[in-house]
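Listed here are the chains, written in short residue letters.
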Amino acid sequence: MAENTGKIKIQYYRSKIATPVKHKLVVKGLGFTRLNQIVEREDTPSIRGMVAVVPHLVRIVQ
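Undergrad: Which residues make up helix α1 (residues 21–29), and what values do they have?
TA: Along α1, the positions that sit buried rather than exposed are H23, V26 and V27. Viewed end-on, α1 has its buried residues packed into an arc of 100 degrees, placing them on one side of the element. Residues of α1 that are exposed and point over 90 degrees away from its buried face: V21, K22, L25, K28 and G29. In this structure, the buried side of α1 is in contact with β1 (7–12) and α2 (45–53). Positive backbone phi, approximately 100 degrees, marks G31, located one or two places after α1.

Next up, the structure:
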């Protein structure tokens, strides 16, 4: 497997209040604690998959 050392910035821009519990856990798993927060994570398939589960709550910022 090729090593990808890239990073992506992810912004939490919509509230998780009225979402399913699984979506809330994904947002927490990405490391978000407050709205409009931007975190930097490794660009791995697992992180991309987590972002793909909640595209209505987070966005990738470049």
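Undergrad: Tell me what's going on with the packing of aromatic side chains, and back it up with residues and numbers.
TA: The description of an aromatic ring pair rests on the distance of the ring centres and on the angle between the ring planes. For the structure shown, the criterion picks out one aromatic pair. Relative to F32, the ring of Y12 lies with its centre 5.4 Å away and its plane at 35 degrees, an arrangement referred to as tilted. Of this pair, Y12 sits in strand β1 while F32 is found in the loop between α1 and β2 (38–42), placing the two residues 20 residues apart along the sequence. Take Y12: its relative accessible area is 5%, and that puts it in the buried class. The class of F32 is buried, set by a relative accessible area of 5%. Above the plane of the ring of Y13 lies R59, whose end atom (NZ or CZ) is 3.7 Å from the centre.

Parameters at a glance
- Residues numbered from 1 in each chain as written.
- Predicted model: local features only at pLDDT ≥ 70, side-chain atom pairs only at ≥ 80, totals over all residues.
- Heavy atoms only, no water.
- Buried < 20%, exposed > 50% of the residue type's maximum accessible area, 1.4 Å probe, protein only.
- Helix = DSSP H or I, 4+ residues; strand = E, 2+ residues; numbered from the N terminus.
- Arc of directions from axis to C-beta.
- Contact = heavy atoms within 4.5 Å.
- Phe/Tyr/Trp six-rings, centres within 6.5 Å; stacked < 30°, edge-to-face > 60°.
- Lys NZ or Arg CZ within 6 Å of the ring centre and 35° of its normal.

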